Amino acid sequence: MKPSVYLLSVVFAATVSAQALAATPPPEPKPDLAKGQATATAMCVACHTADGSRGSPANPILQGQHPEYTAKQLAEFKSGKRENAIMRGMSATLSESDMLNVSAFYASKVAKPGFAKNKDLVALGEKIYRGGIADRSVPACSGCHSPNGAGIPSQYPRMAGQHADYTEAQMLAFRSGLRKNSAQMTGIAAKMNDREIKAVSDYIAGLR
């Protein structure tokens, strides 16, 4: 190979390599659990307890929740896509890194099991969760949230053991249009009556 041709080959190869490196996105920053814990302790503990476990039934259990889902909810509280005056204020000061860190902290905890309380409705709740409501085209909850309530990371939240009161409140909020950040859940809740929502919410509380 002539020197000039060789030099051109080297320059071309170097240029292609540089372009390839430039086109490669930088690696995602790893969540900092210590910083996440600090945020949780400073801002979240009053409503969600120190580790996101079984606090007030009016507030969600964050322990063991998929971090992608929790971070998405925080971002939507901050933007106003999901409406909640308290959470809008709490999330307003959080950076994207803060959200990732605190979400990862809660996800690192092992979720404690819950239990269903309404024996009269547990059979109906199980029927809806596992088979949906065919005559109204309500899909089975297990299709998205998995048979044991583990959910699908980044797509659908973990539901197993969640407070029945909280799940019921969210379903009613979807149905009324108060909660607007999931068109899919709005459509599903719109086809369910109060008894069905209460039944499936209570059944979910006992999933494990």
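Coordinates for the structure precede this section.
Reading the values: rules and limits
Residues numbered from 1 in each chain as written. Predicted model: local features only at pLDDT ≥ 70, side-chain atom pairs only at ≥ 80, totals over all residues. Heavy atoms only, no water. Helix = DSSP H or I, 4+ residues; strand = E, 2+ residues; numbered from the N terminus. Contact = heavy atoms within 4.5 Å. Areas by Shrake-Rupley, 256 points an atom, 1.4 Å probe, with all protein chains shown as cover. 1 Å grid on protein atoms, 1.4 Å probe; cavity = no way out; pocket = protein on both sides within 12 Å on 5 of 7 lines; lining within 4 Å. Points joined across faces, edges and corners; volume = space filled by probe spheres on them. Nonpolar A, V, L, I, M, F, W, Y, C, P; charged D, E, K, R; others polar. Salt bridge = Lys/Arg side-chain N within 4 Å of Asp/Glu carboxyl O. Buried < 20%, exposed > 50% of the residue type's maximum accessible area, 1.4 Å probe, protein only.

## Some points on the overall build of the protein
Here is step 1: The helix and strand inventory of the protein stands at ten helices and zero strands.
Here is step 2: Shown N-terminal to C-terminal, the secondary structure of the protein runs as helices and strands in the order α-α-α-α-α-α-α-α-α-α.
Here is step 3: Sequence-distant contacts, at least 24 apart, represent 67% of the contacts inside the protein between residues at least 6 apart.
Here is step 4: Accessible area for the protein stands at about 11900 Å²; split by element, carbon and sulfur atoms hold 62% of it.

## Quick word on empty space enclosed by the protein
Here is step 1: Inspection of every chain in the model, using the stated rule, returns one cavity of 30 Å³ or more.
Here is step 2: The space that makes up the largest cavity amounts to roughly 70 Å³.
Here is step 3: Lining the largest cavity are Arg54, Ile61, Gln63, Gln65, Ala111, Lys112, Arg158, Met159, Ala160, Gly161 and Gln162.
Here is step 4: Of the residues contributing to the lining of the largest cavity, the split by class is four nonpolar, four polar and three charged.

## Notes on the pattern of salt bridges
Here is step 1: By the definition in use, this model includes eight salt bridges.
Here is step 2: Lysine 81 is paired through a salt bridge with glutamate 76; the nearest N and O atoms lie 3.8 Å apart.
Here is step 3: Among the residues examined, lysine 81 registers a relative accessible area of 46% and is labelled partly exposed.
Here is step 4: Residues glutamate 83 and lysine 180 are paired through a salt bridge, measuring 3.2 Å at the closest nitrogen-oxygen approach. Note that glutamate 83 is positioned in the loop between helix H3 (67–79) and helix H4 (85–91) and lysine 180 in the loop between helix H8 (164–176) and helix H9 (183–189), a separation of 97 residues in sequence.
Here is step 5: When salt bridges with common partners are traced through the structure, they connect Lys72, Glu76 and Lys81 into a single cluster.

## Here's the deal with unusual backbone geometry
Here is step 1: If you check the backbone angles, threonine 49 has positive phi at about 65 degrees while not being a glycine.
Here is step 2: Looking at the secondary structure, you find threonine 49 in the loop between helix H2 (33–48) and H3.
Here is step 3: For threonine 49, a relative accessible area of 21% gives the class partly exposed.
Here is step 4: If you check the backbone angles, serine 137 has positive phi at about 55 degrees while not being a glycine.

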